[in-house]
Amino acid sequence: MEKYGAGAIIVSAYDPNWPALFEQERARIQAALGGLVLAVEHVGSTAVPGLPSKPIIDLLVGVPSLDEAQQRYVEPVKALGYVYMPQYESWLPGELFFRKGPPGPWTHHVHVMQLSHPRWEQLVLFRDYLRAHPEAAHAYADIKRELARASNDDIAAYRNGKSAFVEATTARALAWKTERES
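Residues numbered from 1 in each chain as written. Predicted model: local features only at pLDDT ≥ 70, side-chain atom pairs only at ≥ 80, totals over all residues. Heavy atoms only, no water.

Some points on unusual backbone geometry
Alright, step 1. At Asn-152, a residue that is not glycine, the phi angle is positive and equals roughly 55 degrees.
Alright, step 2. Within the fold, Asn-152 resides in the loop between helix H5 (134-151) and helix H6 (155-181).
Alright, step 3. A relative accessible area of 43% places Asn-152 in the partly exposed class. (Helix = DSSP H or I, 4+ residues; strand = E, 2+ residues; numbered from the N terminus. Buried < 20%, exposed > 50% of the residue type's maximum accessible area, 1.4 Å probe, protein only.)

Following this line, the structure appears as structure tokens:
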């Protein structure tokens, strides 16, 4: 069982400071990596106003090349207080993953990937769909709270328990995007 580093999984009420915390960290990452970064997005539940969440700010960092990122980004991001998690590459292929904070609870996650990676669009679309569809965000909040109670400190069970909802909602988000573009 993969344990959550902070003990029991807690889904907190939405904190209106989360966007400002994202902006602060975005600026730090942008300054550390400079022109190596193509885009930085706030994703995950903390990026959806009103949505309860584990209080971890997820930053999605777009790069031109993952190979170049592997060579040039790891040390500057670590210098910002992040821990590089290469063991997550089997779970998150095509992505470099970092986390920051005490050894649980973590305060920030950084996901580095190419803008062309399919997961980039999925993460941004999922966020945008929840922002535009409060009923979906509310349903997601209910699932997250129940999973936090049932999973206790088993983060894999929590994560896996959300996957059916995330996949179905991402499919709806893709259809929503296509409809808006036509």
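Notes on the packing of aromatic side chains
Alright, step 1. All told, the structure shown has seven aromatic pairs when counted by the stated rule.
Alright, step 2. Ring geometry for Phe-126 against Tyr-140: centres 5.3 Å apart, planes inclined by 90 degrees, an arrangement best described as edge-to-face. Taken as a pair, Phe-126 in helix H4 (residues 118-132) and Tyr-140 in helix H5 lie far apart in primary sequence, 14 residues in all. As far as burial versus exposure is concerned, Phe-126 and Tyr-140 are alike and both buried. (Phe/Tyr/Trp six-rings, centres within 6.5 Å; stacked < 30°, edge-to-face > 60°.)

Section: the pattern of salt bridges
Alright, step 1. Considering all chains together, one arrives at 13 salt bridges under this definition.
Alright, step 2. As a salt-bridge pair, Arg-127 and Glu-41 come within 2.7 Å of each other at their nearest N and O atoms. Of the two residues, Arg-127 sits in helix H4 while Glu-41 sits in strand S1 (residues 39-43), which places them 86 residues apart along the sequence.
Alright, step 3. Residue Arg-131 is joined to Asp-128 by a salt bridge in which the shortest nitrogen-to-oxygen separation is 4.0 Å. With a gap of three residues between them, Arg-131 and Asp-128 both fall in helix H4, about one helical turn apart.
Alright, step 4. You can call Arg-131 partly exposed: its relative accessible area is 42%.
Alright, step 5. Residue Asp-128 is classed as partly exposed on the basis of its relative accessible area of 23%. (Salt bridge = Lys/Arg side-chain N within 4 Å of Asp/Glu carboxyl O.)

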